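Chain by chain, the residues run as shown.
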Amino acid sequence: MAAGRWLRIPNIIDDLTRECLRAVLDTSVSGKRVVCELADLITERGALWMIVSGNGTELTSDWVLACWGEARVEWHYIAPGKSTQSGFVESFNGRMRDELLSETLFCTIRQARSVLAPWVDDYNTERPHSSLGKATPAAFAAELERQRAGLNPTFASPAPPRDNNGRSLVVAG
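It should be emphasised that the depicted structure is a prediction, and the values quoted were computed from it without experimental measurement.

### Regarding the nonpolar core
- In terms of nonpolar packing, the biggest core is built from 15 residues, with Leu25, Phe92, Met96, Leu116, Trp119 and Val120 touching the most fellow members.
- With near-sequence residues (within four places) excluded, Met96 lies in contact with Ile9, Asn11, Ala23, Leu101, Leu116, Trp119 and Val120.
- If you look at the next biggest cluster of nonpolar residues, it comprises 13 residues, including Val24, Leu59, Val73 and Trp75.

Shown next as structure tokens:
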């Protein structure tokens, strides 16, 4: 920030859809805040199977461990110094840093949030990903929801029926 304060932005990313579900911007983020943000996500999107995170103090606090132990959500911490274990998130964080945070001098938290929100929206809705078949994260997530509801066929077409007449392949020549 212009006044010299640092910003903290724990990003919550869906590994499957590549969506940035939350970018929690503040000067500090407590374990209680993390739990509240994740609880809001569960209310919006349904139950979680697993959370993979770094080892920051806001993610390893007794409060976080107690809350998620009760919720029966598996929490997996990446090994210290092994950022490749969360490569996509590290790439996302680097992209946010390069495209937004290193290019902008913020005067207030409110201003920072007002600039961050459109960047996240653009990332989710306008940027196709090769890992998603050139779909945007939002479009990919919407397609998954349609499939889960039975409204669309699956992404891949079924394989053609095999000829199971008992013949084996013979190498020619």
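Still more to cover.
### What to know about the packing of aromatic side chains
- Under the definition given, this model contains four aromatic pairs.
- Here the aromatic rings of Phe92 and Trp119 are separated by 5.6 Å at their centres, their planes lie at 65 degrees, and the arrangement is edge-to-face. Highlighted residues: Phe92 in helix 4 (residues 87-101) and Trp119 in helix 5 (residues 109-126), separated in sequence by 27 residues. In this structure, Phe92 and Trp119 share a single accessibility class: buried.

### Quick look at the packing of helix 1 (residues 31-45) against helix 3 (residues 62-71)
- At a closest axis distance of 8 Å, the pairing of helix 1 and helix 3 adopts a crossing angle of 30 degrees. As far as their axial angle goes, helix 3 and helix 1 are roughly parallel. For the pair helix 1 and helix 3, the sense of crossing is right-handed. For the pair helix 1 and helix 3, the contacting residues are Gly31, Lys32, Val35, Leu38, Ala39 and Ile42 in the first and Trp63, Val64, Cys67 and Trp68 in the second.
- Tallied by class, the residues present in the contact of helix 1 with helix 3 amount to eight nonpolar, one polar and one charged.

### Here we look at a nonpolar patch on the surface
- On the surface, a cluster of nonpolar side chains totalling about 390 Å² of accessible area is made up of Trp49, Met50 and Val52.
- Secondary-structure assignment places Trp49 in the loop between helix 1 and strand 3 (50-53).

Conventions we followed
Residues numbered from 1 in each chain as written. Predicted model: local features only at pLDDT ≥ 70, side-chain atom pairs only at ≥ 80, totals over all residues. Heavy atoms only, no water. Core = buried A, V, L, I, M, F, W, Y, C linked by side-chain atoms within 4.5 Å. Buried < 20%, exposed > 50% of the residue type's maximum accessible area, 1.4 Å probe, protein only. Contact = heavy atoms within 4.5 Å. Phe/Tyr/Trp six-rings, centres within 6.5 Å; stacked < 30°, edge-to-face > 60°. Helix = DSSP H or I, 4+ residues; strand = E, 2+ residues; numbered from the N terminus. Axes fitted to C-alpha atoms, helices over the stretch in contact; angles between N-to-C directions. Parallel < 35°, antiparallel > 145°, perpendicular 65-115°, else oblique. Left-handed = near helix turned anticlockwise from the far one by under 90°. Nonpolar A, V, L, I, M, F, W, Y, C, P; charged D, E, K, R; others polar. Patch = residues over 30% accessible without salt bridge, like charges linked within 9 Å, V, L, I, M, F, W, Y side chains within 5 Å. Areas by Shrake-Rupley, 256 points an atom, 1.4 Å probe, with all protein chains shown as cover. Salt bridge = Lys/Arg side-chain N within 4 Å of Asp/Glu carboxyl O.

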